[in-house]
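Residue-level structure breakdown
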Amino acid sequence: MKHIKVLGSGCRNCDITANVIAQAAKEAGIDIALEKVTDVAEIMSYGVMSTPGVVIDGKLVHAGGLPAPDQVRAWVNE
């Protein structure tokens, strides 16, 4: 199971990112634990200055703007 965190203030882009990740995992048949992180201190601890950020299994893989659908599918299938 992959542990995925979406880092952000809860803005529209953060919600869209979380939904795209959940949908990609569902389509791939992969179990994930998806967590939305809104705590500024925790977000900053990953070095994210622009949200949404995406952390997979403790590793920052994206920060700022919406990730491309192909990018999300690649993360889920890794």
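Residues numbered from 1 in each chain as written. Predicted model: local features only at pLDDT ≥ 70, side-chain atom pairs only at ≥ 80, totals over all residues. Heavy atoms only, no water.

1. Thoughts on the environment of Val54
With respect to the helices and strands, Val54 occurs in strand 3 (residues 53-56). Taking the relative accessible area as the measure of exposure, Val54 reaches 0% and is therefore buried. It is 9.5 Å that separates the C-alpha atoms of Val54 and Lys36, two residues lying 18 residues apart in sequence. Once residues within four sequence positions are removed from consideration, Val54 is found in contact with Ile4, Lys5, Thr17, Ile21, Lys59, Leu60, Val61, His62 and Trp75. (Helix = DSSP H or I, 4+ residues; strand = E, 2+ residues; numbered from the N terminus. Buried < 20%, exposed > 50% of the residue type's maximum accessible area, 1.4 Å probe, protein only. Contact = heavy atoms within 4.5 Å.)

2. Considerations on the packing of helix 1 (residues 12-28) against helix 3 (residues 69-77)
The relative placement of two packed helices is expressed as an angle between their axes plus a distance between the axes. Direction vectors running N to C along helix 1 and helix 3 enclose 55 degrees, while the axes themselves pass 9 Å from each other. The orientation of helix 1 with respect to helix 3, classified from their angle, is oblique. In this structure, helix 1 meets helix 3 at a crossing whose hand is right-handed. On helix 3, the residues that touch Val20, Ile21, Ala24, Ala25 and Ala28 of helix 1 are Val72, Arg73, Val76 and Asn77. Here the contact of helix 1 with helix 3 is composed, by residue class, of seven nonpolar, one polar and one charged. (Axes fitted to C-alpha atoms, helices over the stretch in contact; angles between N-to-C directions. Parallel < 35°, antiparallel > 145°, perpendicular 65-115°, else oblique. Left-handed = near helix turned anticlockwise from the far one by under 90°. Nonpolar A, V, L, I, M, F, W, Y, C, P; charged D, E, K, R; others polar.)

3. So, the confidence of the model for the protein chain
Chain-level statistics for the protein chain give a pLDDT mean of 95 and a share of 100% at 70 or above. Confidence, expressed as mean pLDDT per element, reaches its minimum in the protein chain at helix 3 with 92 and its maximum at strand 3 with 98. (pLDDT = per-residue confidence, 0-100.)

4. Regarding the pattern of salt bridges
Scanning all chains against the criterion turns up three salt bridges. Across the pair Lys5 and Glu42 runs a salt bridge, and its minimum N-O distance is 3.1 Å. Residue Lys5 is located in strand 1 (residues 2-7), and its partner Glu42 is located in helix 2 (residues 40-45); the two are separated by 37 residues in the primary sequence. Owing to a relative accessible area of 26%, Glu42 belongs among the partly exposed residues under this scheme. (Salt bridge = Lys/Arg side-chain N within 4 Å of Asp/Glu carboxyl O.)

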